[in-house]
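Reading the structure
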Amino acid sequence: MKIAVLGSGGWGTALALVLLENGHDVTLWSYTQEESAVLKEKGENPLLKGVPLPESLKLTADLSCVRGSGAVVLATPSFAVRTTARAAAPLLDPGAVLVSVSKGIEKDTSLTLTEAIEQEVGDAHPIVALSGPSHAEEVGRRIPTVVVSASKDRSAAEQVQDLFMNERFRVYATDDVVGVELGAALKNVIALCAGISDGMGYGDNTKAALMTRGLTEIARLGVALGGRRETFAGLSGVGDLIVTCTSMHSRNRRCGILIGKGTPTEQAVKEIGAVVEGYYAAANARTLARKVGVEMPITEAAYQVLYEGKDPRRVIVDLMTRERKHELEDSWV
Ligand SMILES: NC(=O)c1ccc[n+]([C@@H]2O[C@H](COP(=O)([O-])OP(=O)(O)OC[C@H]3O[C@@H](n4cnc5c(N)ncnc54)[C@H](O)[C@@H]3O)[C@@H](O)[C@H]2O)c1
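Residues numbered from 1 in each chain as written. Predicted model: local features only at pLDDT ≥ 70, side-chain atom pairs only at ≥ 80, totals over all residues. Heavy atoms only, no water.

End to end, helix α13 (residues 297-308) covers 15 Å across 12 residues, agreeing with the expected 16 Å (1.5 Å per residue, within 8%). The element α13 is extensively covered by neighbouring structure, given that 9 of its 12 residues are classed as buried. Buried residues in α13 make contact with α7 (177-199), α8 (204-224), α10 (251-260), α11 (265-272), α12 (277-292) and α14 (312-320). G309, located one to two residues past α13, shows a positive phi value of around 70°. (Helix = DSSP H or I, 4+ residues; strand = E, 2+ residues; numbered from the N terminus. Expected span 1.5 Å × (residues − 1). Buried < 20%, exposed > 50% of the residue type's maximum accessible area, 1.4 Å probe, protein only. Contact = heavy atoms within 4.5 Å.)

On domain assignment, one finds that the protein holds domain 1 (2-175) and domain 2 (178-320). If you average the C-alpha positions of domain 1 and of domain 2, the two centres end up 25 Å apart. Each partner contributes to the interface: domain 1 provides 31 residues, whereas domain 2 provides 24 residues. Both sides of the domain 1 and domain 2 interface together cover about 2200 Å² of buried area, and 61% of this is carbon and sulfur. The largest contributions to the domain 1 side of the interface with domain 2 come from K103, I105 and H135, which together make up 30% of the buried area. Taken together, domain 1 and domain 2 are joined by 2 salt bridges. The partner of R228 in a salt bridge is D175, and the shortest N-O contact between them spans 3.1 Å. Put simply, domain 1 and domain 2 have 10 residue pairs in polar contact (both at pLDDT 80 or more) between them. (Domains from an automatic or database assignment. Buried area = accessible area lost by both parts, 1.4 Å probe. Salt bridge = Lys/Arg side-chain N within 4 Å of Asp/Glu carboxyl O. Polar contact = N/O pair within 3.5 Å; in protein donor to acceptor, adjacent residues only side chain to side chain.)

What follows concerns the site of the ligand. Inspection of the region around the ligand gives 24 residues, with W11, E35, A136, R251 and E277 positioned closest. Take G10: an N or O atom from its main chain is 3.2 Å from an oxygen atom of the ligand. Within the backbone of V275, an N or O atom sits 3.2 Å from an oxygen atom of the ligand. Here the residues of the shell around the ligand sort into 11 nonpolar, 9 polar and 4 charged. Domain assignment of the residues forming the shell around the ligand places at least three in each of domain 1 (2-175) and domain 2 (178-320). (Near = heavy atom within 4 Å. Nonpolar A, V, L, I, M, F, W, Y, C, P; charged D, E, K, R; others polar.)

The next subject is the pairing of strand β5 (residues 97-100). Burial of β5 is two-sided: the residues V97 and V99 facing one way and the residues L98 and S100 facing the other way are all buried. Sheet analysis places strand β4 (residues 71-74) next to β5, joined by 4 bridges and oriented parallel. Note on β5: the bridge partner recorded for V73 is V99. Each parallel crossover has a hand, and the one from β4 via helix α3 (residues 81-88) to β5 is right-handed. With 3 bridges connecting them, β5 and strand β6 (residues 127-131) associate as parallel partners. Within the sheet, the bridge partner assigned to S100 lies in β6 and is A129. You can see the chain leave β5, run along helix α4 (residues 113-121) and come back into β6, and the turn it takes is right-handed. (Pairing = 2+ DSSP bridges. Right-handed = clockwise from strand over helix to strand, strands pointing away.)

With that settled, the discussion passes to the packing of aromatic side chains. Summed over the entire model, instances satisfying the criterion amount to 6 aromatic pairs. Between Y303 and Y307, the ring centres sit 4.9 Å apart and the planes meet at 20°, which makes this aromatic pair stacked. You can see Y303 and its partner Y307 sitting in helix α13, 4 residues apart, about one turn around the helix. Judged by its relative accessible area of 30%, Y307 falls in the partly exposed class. Members of the aromatic cluster, each reached through a chain of ring pairs, are F79, Y279, Y280, Y303 and Y307. One cation-aromatic arrangement involves R170 over Y172; the distance from NZ or CZ to the ring centre is 4.8 Å. (Phe/Tyr/Trp six-rings, centres within 6.5 Å; stacked < 30°, edge-to-face > 60°. Lys NZ or Arg CZ within 6 Å of the ring centre and 35° of its normal.)

Structure representation (structure tokens):
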């Protein structure tokens, strides 16, 4: 199948290579001419060092590559997903499936990314979110990876399974799109917190607590918005949380480590060099949680550190000394 991958960062490039390996006719679109020229000239993506780009991978900065494609993968940072979908919409073939692989919540609208895409391309195109514990650096090196394909449209979710699956890349399918997308977006906030904790020199106990209670509040918001609780125990939930909070591949965690060591937030975000989704997600998730009336103390604390310059040590003390709670909210009711 002819497939266009829009966004030639680490993730778009790694997924383009999976699709190419599966025998598809793949074009990787870059946002700028310069970015496309670098890929052509170097024969690799500087964000995926040591992973050669085969000649058969078509490289372009011309969005008309979308024409004639049976599937279009959107792999830009979350803030650019809507504008990219809008630009691609008039070029889409009827019935082309859209695959959203970015992780975030849209600023201002608080929509998930597939919801934003649907607003731009209409409901004639099936839309699928592909998500899970998957560092581009590892997928690029063909390290076994397992993700989930989520769509309200079963045949589209299964079509995306078939497009991507091979002996190194396994894909499960689900209909819980909200659960998958919220898990993906919100774990980046927790990864920043895990990094801050590591950067401050706190230990495994603190990080495990942040991850566990972080997942609890992610699921609380997700369920309030219609996601299924089990999804947060799945690949796009705890799976992605583990990979993001424990790995040095995670730019969110690395950014957090810098902040925990005292680097001002804006400088830390800049130093990482690629998109730090957790930074944006902290503000967007906080807005969404307040809108829905769901308590998310760790996300709130992350916001105070990232946007209000509050000392992380003070924030941890505040979290530790909140009023006492039951671990399970329905205990003794
Ligand atoms: N890197 C990973 O391991 C990984 C894994 C899973 C999901 N993701 C998600 O995929 C998305 C992209 O991540 P990435 O790692 O490839 O990011 P990246 O920072 O490496 O690259 C993003 C790409 O988007 C392009 N871009 C920047 N501004 C743009 C704009 N205004 N319009 C269109 N394109 C624009 C950039 O030129 C770049 O090619 C993120 O939402 C991320 O959370 C990343």
